[in-house]
Amino acid sequence: MGIILCGGTIVTATDYYQADVRIEGEKVVAIGKKIALPEDIIVDVRGCLLFPGGVDVHTHFDLPVGDTVTADDFASGTKGAIIGGTTTIIDYATQCKGETLKEALENWHLKAKGNCYGDYGFHMAITDWNDRVAEEISWLSQSAGVTSIKLYMAYKNVLQVDDDILFQALARSRQYGVLVCVHCENGDMIYNLINQYRRQGFVTPNYHPVSHPIIAEEEAVTRIIALAQVTKSSVYIVHISSSDALQVVMKAKVKGNQVYAETCPQYLVLDEEYYTRTGFESAKYVMSPPLRKKANQKFLWQSLQNRMIDVVATDHCSFNFIGQKDVGLHDFSKIPNGIPGAQNRLGLLYTYGVLTGKIDLHTFVNVTATQPAKIFGLFPRKGTIAVGSDADIVVWDVNDTSLIRAEKQYHKVDYTPYEGFQQKGKAVHVFLRGRHIVRDATLCDIDPQGIYLPRTPIG
């Protein structure tokens, strides 16, 4: 017995057509007309768009940060994600100082196993590079199914690594088909600017963006691309926020460098005016890189449409406004960096991108599902609607209109940065490997059914 999605319009990164989809077990087994068998269950999706399940390759669930931990764990994080149409996430398993990569990965498997409502994989965020860790890169990709690592050029004295380590990591990763993801901000520049403002008594949240200037991002992007070019490595730059940094990436792409660019919804629909809010309210928007001037948004949208930006992920890293963000009430540098957003990614991109004509539907699918799946070794199992692919399908009701409210979200964090934003369209049904996990926009599968997705070496 199968399931027939009947009467919808299928949208992929390249195609747009009306057809029925037959699901049997975990897979799509047929696409066309008159494909139903007598015993099949018919789901009427007339008037709806069918998207491949979203793939969010940048989340931080259950992440310890200093003396606290993110508000969303894997259960609440993936619950919100799948309600919003994202069926697969790749989270950053983060090595603590002194840990082996194997120990760090085991810790993240313990956090995620049995708690994910969608399927999941891991990147390895490395904070303590040494000869032993370098040797583990081969094990990571060939045995553990983790074929991407992350390094930070920011957060001095906590996460930041120097050019020597970046060079070593790029060269070593290239040997074993591991893609290096990089947070690009000049940590030394930021460290000194923060201390300068604090010494002068400027400690309110609006000093967060001025202590993280665009030049800090642009310089770091330039530097990592140069290192990648010398080591003949590919590099994936996370959460690009500015046109200046993106232009560096574009020049490298034109020259033939293998550089992937990611941005996030917050940089497309929010801007630095949110840091002028009265009182401590602007702490809700403290993230790194920070929000930029609105003028950057047009260039980012255009770069999505012309495929210079490859991926839109969320960098979901949530902290409660009350009880976590407010630790920095008297010192902006102590505010935990990050915002929630996994539940809102598809809705924001559809409403403020597709419906405003900034991007087309194919680009929408490409940056939210297809390209992240391709870059990180999950395609064609994930990221498209095709015979043989996992039956991860989002049925999108184009006629629905709603307001984004914190009280409506499935995440555990106590606010949303998109409070009051109008959303047009919603995921009315979501299928995860053939399981009808969201029905009539309500989670109907109370037991998390997500599985771990080991990946093979890239390239």
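Refer to the structure presented above.
Bear in mind the structure is a predicted one, so any value in this text is a computation, not a measurement.

On to the pairing of strand 4 (residues 20–24), then. With four of five residues buried, strand 4 is to be regarded as a mostly interior element. Two elements, strand 1 (residues 3–6) and strand 4, share three bridges in a ladder whose sense is antiparallel. Pairing of Leu-5 across the sheet is with Val-21, part of strand 4. If you look at the hairpin formed by strand 4 and strand 5 (residues 27–32), you'll find two residues sitting between the two strands, and Gly-25 has a positive phi there, around 65 degrees.

As a further point, take the pattern of salt bridges. Scanning all chains against the criterion turns up 25 salt bridges. For Glu-419, the salt bridge is made with Arg-405, and the minimal N-O distance between the two is 3.3 Å. Of this pair, Glu-419 sits in the loop between strand 18 (393–403) and strand 19 (422–432) while Arg-405 is found in the loop between strand 18 and strand 19, placing the two residues 14 residues apart along the sequence. The exposure class assigned to Glu-419 is partly exposed, which follows from its relative accessible area of 39%. A single salt-bridge network, built from bridges that share partners, covers Glu-26, Lys-27, Asp-119, Arg-381, Lys-382, Asp-390, Asp-392 and Arg-433.

This part covers the sheet that holds strand 6 (residues 41–44). Read across the open sheet, the four strands follow the order 5-4-1-6; overall the sheet is mixed. If you trace the sheet from one side to the other, it starts and ends with strand 5 and strand 6, each paired once. Pairs of neighbouring strands in the sheet enclose a mean axial angle of 20 degrees, with direction left out of account. Two elements, strand 1 and strand 6, share four bridges in a ladder whose sense is parallel. Each bridged residue has a counterpart across the sheet, and for Ile-3 the counterpart in strand 6 is Ile-41.

This brings us to the packing of aromatic side chains. Under the counting rule described, the total for this entry stands at 17 aromatic pairs. Aromatic side chains Tyr-197 and Tyr-207 sit 5.3 Å apart centroid to centroid with 45 degrees between the ring planes, which places their arrangement in the tilted category. Note that Tyr-197 is positioned in helix 5 (residues 187–199) and Tyr-207 in helix 6 (residues 207–210), a separation of 10 residues in sequence. On the basis of relative accessible area, Tyr-197 is assigned to the buried category, the value being 15%. With a centroid separation of 5.8 Å and 80 degrees between ring planes, the pair formed by Tyr-418 and Phe-421 is classed as edge-to-face.

What follows is about the environment of Ala-134. Inspection of the secondary structure assignment puts Ala-134 in helix 3 (residues 131–142). Ala-134 gets classed as buried once you look at its relative accessible area, which sits at 12%. As a C-alpha pair, Ala-134 and Leu-101 span 33 residues in sequence and 9.5 Å in three-dimensional space. Residues in contact with Ala-134, not counting those within four places in the same chain, are Trp-129 and Arg-172.

With respect to the secondary-structure elements, Glu-217 resides in helix 7 (residues 214–230). Glu-217 sits in the buried class, given a relative accessible area of 2%. Each C-alpha atom of the pair Glu-217 and His-183 lies 8.9 Å from the other, and the pair is 34 residues apart in sequence. With sequence-adjacent residues up to four places away left out, Glu-217 is seen in contact with Cys-184, Glu-185, His-239, Ile-240, Ser-241, Ser-242, Ala-245, Pro-289 and Arg-292.

How each quantity is defined
- Residues numbered from 1 in each chain as written.
- Predicted model: local features only at pLDDT ≥ 70, side-chain atom pairs only at ≥ 80, totals over all residues.
- Heavy atoms only, no water.
- Buried < 20%, exposed > 50% of the residue type's maximum accessible area, 1.4 Å probe, protein only.
- Helix = DSSP H or I, 4+ residues; strand = E, 2+ residues; numbered from the N terminus.
- Pairing = 2+ DSSP bridges.
- Salt bridge = Lys/Arg side-chain N within 4 Å of Asp/Glu carboxyl O.
- Axes fitted to C-alpha atoms, helices over the stretch in contact; angles between N-to-C directions.
- Phe/Tyr/Trp six-rings, centres within 6.5 Å; stacked < 30°, edge-to-face > 60°.
- Contact = heavy atoms within 4.5 Å.

By themselves, these observations are geometric and do not establish any function.
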